[in-house]
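What follows is each chain in one-letter form.
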Amino acid sequence: MTREEYEAKRRRLEEDAADAKKTYIRAKSTYDGICEELRNLRMDWQEQQAADHTTEK
């Protein structure tokens, strides 16, 4: 491998790594948002069920 080949491959890999990191950050943000929505949904459901049980008596 020549120095030029090495440098070209290194640049490509660094660009790929930067793109992958951006994709990871976007995916993590989406995942975190979905997890928060799920947590809020569960809490809302539990509160609703608790309120329903107190009004049934």
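See above for the structure.
Asker: I tried to follow the overall build of the chain on my own but got confused; where do I start?
Answerer: On a plain count of helices and strands, the chain comes out with one helix and zero strands. Its C-alpha atoms give the chain a radius of gyration of 24 Å, more than 25% over the compact-globule value 10 Å for 57 residues. Sorting the 57 residues of the chain into buried and exposed places 2% on the buried side. Only carbon and sulfur atoms are counted for the fraction: they give 56% of the accessible area of the chain, which is about 5500 Å². In the chain, which carries 12 positive and 14 negative side-chain charges, the distance between the mean positions of the two groups comes to 7 Å.

Asker: Would you take a moment to explain the environment of T23 for this structure?
Answerer: Among the structural elements, T23 can be located in helix α1 (residues 3–56). A residue is classified by how much of its surface remains accessible, and T23, at 43% relative accessible area, is partly exposed. Spatially, the C-alpha atom of T23 lies 15 Å from that of G33, the residues being 10 residues apart in sequence.

Asker: Hey, could you run me through a nonpolar patch on the surface in this one?
Answerer: Among the surface-exposed residues, I34, L38 and L41 lie close enough to one another that they form a single nonpolar patch of about 280 Å² accessible area. Inspection of the secondary structure assignment puts L38 in helix α1.

Asker: What is the right way to read the environment of D52 from this model?
Answerer: With respect to the secondary-structure elements, D52 resides in helix α1. Of the residues examined, D52 reaches a relative accessible area of 32% and is grouped as partly exposed.

Asker: Please explain the pattern of salt bridges as it appears in this structure.
Answerer: Here the idea is simple: oppositely charged side chains can pair when their charged atoms come close. All told, the structure shown has four salt bridges when counted by the stated rule. D32 is the salt-bridge partner of K28, the closest N and O atoms lying 3.1 Å from each other. With K28 and D32 both in helix α1 and four residues apart, the pair spans about one turn of that helix. For K28, a relative accessible area of 37% translates into the label partly exposed.

About the thresholds
Residues numbered from 1 in each chain as written. Predicted model: local features only at pLDDT ≥ 70, side-chain atom pairs only at ≥ 80, totals over all residues. Heavy atoms only, no water. Helix = DSSP H or I, 4+ residues; strand = E, 2+ residues; numbered from the N terminus. Rg over C-alpha atoms; globule rule 2.2 N^0.38 Å. Buried < 20%, exposed > 50% of the residue type's maximum accessible area, 1.4 Å probe, protein only. Areas by Shrake-Rupley, 256 points an atom, 1.4 Å probe, with all protein chains shown as cover. Lys, Arg positive; Asp, Glu negative; His and termini not counted. Charge placed at Lys NZ, Arg CZ, Asp CG, Glu CD. Patch = residues over 30% accessible without salt bridge, like charges linked within 9 Å, V, L, I, M, F, W, Y side chains within 5 Å. Salt bridge = Lys/Arg side-chain N within 4 Å of Asp/Glu carboxyl O.

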